[in-house]
Structure formats: structure tokens, C-alpha cells
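Close look at the chain arrangement
Okay, here's what each chain looks like letter by letter:
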Amino acid sequence: EDLRDDPQETLRRVTDFIGAAPFTFDVVSKANVAERRGRTNHVGRVLEASRTKKLGRRLPRFVVEAGKYATVRLSRPVTRPQLDPTTRERLTDALRDDVIALRRLTGQAFDKWSL
């Protein structure tokens, strides 16, 4: 969430943590954004096929973007699966020590994590 919400500040903290010299990151676009993620249809499957991707590299950019737009508009949302409470409890127990160690190592609270 921090990287999405404030990429410059988050990346500054990363460079501070690893001891790198500070600089301004070139954050141009967001990848894997929600409107393109979690949707399926025939158009989307065709656009994601490796042959189509190779062809897309040769097509004008506006044609590729029109195809992506059509995929989003003509597709149906994929429902997010719910984690079974028993599985969630097992994962929480299994990951607890690692999460605590990561918080200590980084000095970050990771408040939005449910663990």
C-alpha cells in the first residue's frame, strides 16, 4: 500500500535502509492496476496469447490500447476467493515468527497487515 500510495517516499525509505544514495525515482505508470486485473473473456485470452503479444509489438500503440480497453469493457469481474478461517489460522500461526522478525529487521510496523 505504501508503494502504491506514495512511491517516492517509500523508495526513499528503501534506499535509506540499504544505505544507497538518495535520488528521485522515475515512477511513470502503474502496472497491474485493478481495472485490468481479475477479468476474463475471449478477447482478453486472445490478447494475452503469446502470438498476439508478438503481433502487438508490431502494431501501432493506439491499436494495442484499444484492444486493452475492449478487454476491460467487455469482460466480467472475477470474484475474489475467500480464505477458509481454518486455513487463515494455520497461515497466521506459520508466518507469525517471520512477520515479527521482518518488522524488527526493517523497523516498519506494516500496520495494514492482518498478522
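First things first, this report covers the structure right here in the doc.

Turning our eyes to something else, we now look at helix α6 (residues 85–106). With 22 residues, α6 extends 29 Å between its outermost C-alpha atoms, agreeing within 8% with the 32 Å of an ideal straight helix rising 1.5 Å per residue. Of all the bends in α6, the greatest, near 45°, is centred on L95. One side-chain oxygen of the residue at the start of α6 lies 2.8 Å from the amide nitrogen of T86, identifying that residue as D84. One or two steps after α6, the chain reaches G107, where phi turns positive at roughly 75°.

Taking 1.5 Å per residue, 14 residues should reach 20 Å; helix α5 (residues 61–74) reaches 20 Å between its end C-alpha atoms and fits that length. Among all positions in α5, only G67, T71 and V72 are buried. Down the axis of α5, the smallest arc covering the buried residues is 135°, so these residues share one side. In this structure, α5 carries F62, Y69 and L74 as exposed residues pointing more than 90 degrees from its buried face.

Considered as a void within the structure, the second largest pocket measures approximately 360 Å³ in volume. Those elements that provide at least two residues to the lining of the second largest pocket are α1 (2–5) and α2 (7–18). A per-element tally of the lining of the second largest pocket places α2 first, with four residues. Per-class residue counts for the lining of the second largest pocket are six nonpolar, three polar and five charged.

The rules behind each value
Residues numbered from 1 in each chain as written. Predicted model: local features only at pLDDT ≥ 70, side-chain atom pairs only at ≥ 80, totals over all residues. Heavy atoms only, no water. Helix = DSSP H or I, 4+ residues; strand = E, 2+ residues; numbered from the N terminus. Expected span 1.5 Å × (residues − 1). Bend = angle between axes of the 7 residues up to and from the residue. Polar contact = N/O pair within 3.5 Å; in protein donor to acceptor, adjacent residues only side chain to side chain. Buried < 20%, exposed > 50% of the residue type's maximum accessible area, 1.4 Å probe, protein only. Arc of directions from axis to C-beta. 1 Å grid on protein atoms, 1.4 Å probe; cavity = no way out; pocket = protein on both sides within 12 Å on 5 of 7 lines; lining within 4 Å. Points joined across faces, edges and corners; volume = space filled by probe spheres on them. Nonpolar A, V, L, I, M, F, W, Y, C, P; charged D, E, K, R; others polar.

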